[in-house]
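Results of the structural survey
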Protein chains: 2
Amino acid sequence: MTADAGPDPLPSWREGSIKRRLLAFVAAVCTPGDPAWVAPQERIAVFDNDGTLWSEQPMYVQLAFALQRVRCLVAERAELAHHPLVAAALADDIEALMGHGLEGLLELAAMTHAGMADAAFSALARAWLREARHPGLGVPYTGLVYQPMLELLALLRAREFRSWIVTGGGVEFVRVFAEETYGIPPERVIGSTLQLRYGEENGQPTVWREAVVDAINDGDAKPVGIARAIGRRPIAAFGNSDGDLAMLRWTTAGPGRRLGLLLHHDDDEREVAYDRASAFGRLDLGLELARRHGWSLVSLRRDWHRIFPTPLPQD
Amino acid sequence: MTADAGPDPLPSWREGSIKRRLLAFVAAVCTPGDPAWVAPQERIAVFDNDGTLWSEQPMYVQLAFALQRVRCLVAERAELAHHPLVAAALADDIEALMGHGLEGLLELAAMTHAGMADAAFSALARAWLREARHPGLGVPYTGLVYQPMLELLALLRAREFRSWIVTGGGVEFVRVFAEETYGIPPERVIGSTLQLRYGEENGQPTVWREAVVDAINDGDAKPVGIARAIGRRPIAAFGNSDGDLAMLRWTTAGPGRRLGLLLHHDDDEREVAYDRASAFGRLDLGLELARRHGWSLVSLRRDWHRIFPTPLPQD
């Protein structure tokens, strides 16, 4: 950074090699004349959401929403209580639910987030996010976004990057809060999808949500979803789990300067040290690939000065 | 428009009710305090491509590309010459090809635009568009964009609209020229798609195009594609054929001020008067829906002062 640089754009990142690398990457690709310079329209950055931009502990936030929705559903259709996913949800048996994998979670989402117009779903999810509180911490879920990542998003926005969320979560769920929370508009969210159907309902043209999983945006599907939606290969990718490795690999194998960054959830005091024992992957492969392909491994314990925007009970 | 308005932003549109309506709509939704004011992030406009932003006569431009590609394909795999679509293509029998409907055309696109990395396809299409000339007019196809629509896109851009292309054509094909030609970046193109597959090819992470049609973005699929990609209902929609009616209907049925516009290809001197006898629909339904829902019907003959950016032989 030059001597006349303004205030530190990443105050929640501790000084060290990771912060230096982030700032050097952004400076290089944004400086005309630098061999690494990239035209603004090619400055695409992609971010996983759960565990990368906000907390996924003790469970995915969308799963907490599904647990609430499932009770409404069973009140209307009691016979569903015998469905194994519904039974596990009613018993708050998170371990059993996670045992069904991302596919099972999305199946539960399909059952509980469908059978309505897309606008009706967005309104439901918005209302829930406003009212719901994290069970252990008593704060709204949108208070559990990672402050260092918010600063990174703001820095990239200021340097004419376009940042996208590429999530295994449901695209319509994430869109409900992404603009207000991250400054990322709905059209820059790529996620898992239910089938949609267009038709007239009571004379009103409507896009209707069917209770059928259409696409699971995880693993190899992430680069495919990016190619489909963006039509350009990103130059920077940020993730935290096995589901993000293909996206990181594809991004960082492109020509020119690239940045790959993998969050390592190793802070048991201020968050949860869990990524060596995650339900969907142990990150051992991620650590190996990070070494092999030169991705930055961010230790929450070591590299983040603070984790959440406002202090939490455990902070 | 106020008295201190600058130069006419739509010089290729003849004075009249259509031009007044376009300007009044843009002024109203962009004027703070106007009851019709719309926040910039909600100013979404969607445009069909073939026949709406550029000429689709005597055939879709992408079909002309497929006719060239099919010869390369048969040179490598002679047995394909017996496939009915390929045989019709080799015979330049456009009528027979159109008889297979959009589904058949996309099948031909799948056969001829796949089996390669997405980046390789883009390079092929870009090279073809640079070299190819319209058979009757001898100009590059990108010279056959509609000047009045370019002015409309520029006006909307200046007023903080985000304009999207929503095409039945292949998304990757349209992306190759949309940014340079229309000022619409790749991520704002929604189109028909082939299946994509991610994997390593010779140690390089690659998004590969499979010869399988994934989704046909026409008719009812257009509102679904918009909901999926944008996550917001547009406030203005522009089309010219049966395939655009659901998009126009969904757009204009939303709350607040809306604009729907249907191009009527009725100019046999400067273009081709064809839309009462189009291969994929006669527009009779469109004319009826335009009356019923208050869409503007643009007569190329009456409402456009000029059609193409530079004069053509028939201009």
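Residues numbered from 1 in each chain as written. Chains lettered and ligands numbered in written order. Predicted model: local features only at pLDDT ≥ 70, side-chain atom pairs only at ≥ 80, totals over all residues. Heavy atoms only, no water.

Regarding the domain arrangement of chain A
All names here are of chain A. The assigned domain composition of chain A is domain 1 (17-59 + 144-303) and domain 2 (61-131). With centres defined by C-alpha atoms, the gap from domain 1 to domain 2 works out at 24 Å. Facing the 24 residues of domain 1 at the interface are 28 residues of domain 2. Surface buried jointly by domain 1 and domain 2 totals about 2200 Å² across both partners, of which 77% is contributed by carbon and sulfur atoms. Looking at the side of domain 1 facing domain 2, the largest losses of area belong to Met 59, Phe 173 and Arg 209, adding up to 34% of the total buried there. Here domain 1 and domain 2 share zero salt bridges between them. Linking domain 1 to domain 2 there are six residue pairs in polar contact (both at pLDDT 80 or more). In the side of domain 1 that touches domain 2, the residues fall into 14 nonpolar, six polar and four charged. (Domains from an automatic or database assignment. Contact = heavy atoms within 4.5 Å. Buried area = accessible area lost by both parts, 1.4 Å probe. Salt bridge = Lys/Arg side-chain N within 4 Å of Asp/Glu carboxyl O. Polar contact = N/O pair within 3.5 Å; in protein donor to acceptor, adjacent residues only side chain to side chain. Nonpolar A, V, L, I, M, F, W, Y, C, P; charged D, E, K, R; others polar.)

What to know about the sheet that holds strand E4 (residues 189-201) of chain A
All names here are of chain A. The eight strands are arranged E2-E5-E4-E3-E1-E6-E7-E8 in an open sheet whose pairing can be described as mixed. Taken across any chain shown, the strands that pair with only one partner, and hence form the sheet edges, are strand E2 (116-117) and strand E8 (296-299). Of the strand pairs in this sheet, strand E3 (residues 162-170) and E4 are connected by three bridges, and their pairing is parallel. Directly across from Gly 170, in E4, lies its bridge partner Ser 192. In this fold helix H7 (residues 147-158) packs onto strand E1 (44-47), E3 and strand E6 (236-239), with an angle of close to 165 degrees to the strand it touches most, E1. (Pairing = 2+ DSSP bridges. Helix = DSSP H or I, 4+ residues; strand = E, 2+ residues; numbered from the N terminus. Axes fitted to C-alpha atoms, helices over the stretch in contact; angles between N-to-C directions.)

Concerning helix H6 (residues 118-131) of chain A
Residue and element names in this part refer to chain A. With 14 residues, H6 extends 20 Å between its outermost C-alpha atoms, agreeing within 8% with the 20 Å of an ideal straight helix rising 1.5 Å per residue. Taken as a whole, H6 has its buried residues at Asp 118, Phe 121, Ser 122, Ala 125, Trp 128 and Leu 129. The buried side chains of H6 occupy one side of the element, clustering within an arc of 130 degrees when seen end-on. The exposed residues of H6 that point more than 90 degrees off its buried face are Ala 119, Arg 130 and Glu 131. (Expected span 1.5 Å × (residues − 1). Buried < 20%, exposed > 50% of the residue type's maximum accessible area, 1.4 Å probe, protein only. Arc of directions from axis to C-beta.)

Examining the packing of aromatic side chains
Evaluated as defined, the whole model comprises 26 aromatic pairs over all chains. Seen in terms of ring centroids, Phe 25 of chain A and Phe 161 of chain A are 6.4 Å apart; in terms of plane orientation they differ by 50 degrees. Their pairing is tilted. Linking Phe 25 of chain A in helix H1 (residues 17-30) with Phe 161 of chain A in the loop between H7 and E3, this pair joins segments that are 136 residues apart in sequence. Arranged with centres 6.4 Å apart and planes meeting at 50 degrees, the rings of Trp 128 of chain B and Phe 173 of chain B form a pair that is tilted. Remark: Phe 173 of chain B occurs in helix H8 (residues 171-182) and Trp 128 of chain B occurs in helix H6 (residues 118-131); sequence separation between them is 45 residues. You can call Trp 128 of chain B buried: its relative accessible area is 10%. Joined through ring pairs, the aromatic side chains of Trp 54, Phe 65, Phe 121, Trp 128, Tyr 141, Phe 173, Phe 177 and Tyr 182 of chain A make up one cluster. Against the face of Phe 121 of chain A rests Arg 209 of chain A, its NZ or CZ located 3.9 Å from the ring centre. (Phe/Tyr/Trp six-rings, centres within 6.5 Å; stacked < 30°, edge-to-face > 60°. Lys NZ or Arg CZ within 6 Å of the ring centre and 35° of its normal.)

A word on the pairing of E6 of chain A
Consecutive side chains of a regular strand alternate in pointing toward one face of the sheet and then the other. Residues and elements named next belong to chain A. Both faces of E6 are covered, namely the face carrying Ala 236 and Phe 238 and the face carrying Ala 237 and Gly 239. Examined bridge by bridge, E6 and strand E7 (residues 259-264) share four bridges and lie parallel to one another. Within E7, the position partnered with Gly 239 by the bridge is Leu 262.

Let's talk about the relation of the copies chain A and chain B
Both copies of the chain are tied together by a single rotation about an axis and a shift running along it. In the superposition of chain A on chain B (RMSD 0.0 Å, axial shift 0.0 Å), the rotation amounts to 180 degrees. Put plainly, the chains are arranged around a two-fold axis. When each C-alpha of chain A is compared by its distance to the rotation axis, Ala 229 of chain A comes out closest, at 3.6 Å. A shared binding surface is used by both copies, with 100% of the interface residues of chain A retained as interface residues in chain B. (Least-squares fit on C-alpha atoms with pLDDT ≥ 70 in both.)

Quick word on the sheet that holds strand E7 (residues 259-264) of chain B
Spatial strand order, E2-E5-E4-E3-E1-E6-E7-E8 (chain B): eight strands in an open sheet with mixed pairing. Looking at strand neighbours, the two that pair on one side only are strand E2 (116-117) and strand E8 (296-299) of chain B, the edges of this open sheet.

As for helix H2 (residues 61-76) of chain B
If you check H2 of chain B, its first and last C-alpha atoms are 24 Å apart, about what 16 residues at 1.5 Å a residue would give, namely 22 Å. When we look at burial in H2 of chain B, the residues that qualify are Val 61, Gln 62, Leu 63, Ala 64, Phe 65, Ala 66, Leu 67, Arg 69, Val 70, Leu 73 and Val 74 of chain B.

With respect to the interface of chain A and chain B
Across the boundary between the two partners, chain A contributes 37 residues, which contact 37 residues of chain B. Taken together, both faces of the contact between chain A and chain B bury some 2900 Å²; the carbon and sulfur share is 49%. When the area that chain A buries against chain B is broken down by residue, the three leading residues are Glu 187, Tyr 198 and Arg 228 of chain A, summing to 27%. Here chain A is connected to chain B by ten salt bridges. Note that Glu 179 of chain B is salt-bridged to Arg 232 of chain A, the shortest N-O span being 2.5 Å. Our count for the contact surface shared by chain A and chain B stands at 20 residue pairs in polar contact (both at pLDDT 80 or more). Listing elements by their share of the side of chain A that touches chain B, those giving two or more residues are E3, helix H8 (171-182), E4, strand E5 (204-215), helix H9 (221-229) and helix H10 (245-252) of chain A. Top contributing element to the side of chain A that touches chain B by residue count: E4 of chain A, with seven residues. Split by residue class, the side of chain A that touches chain B holds 16 nonpolar, seven polar and 14 charged.

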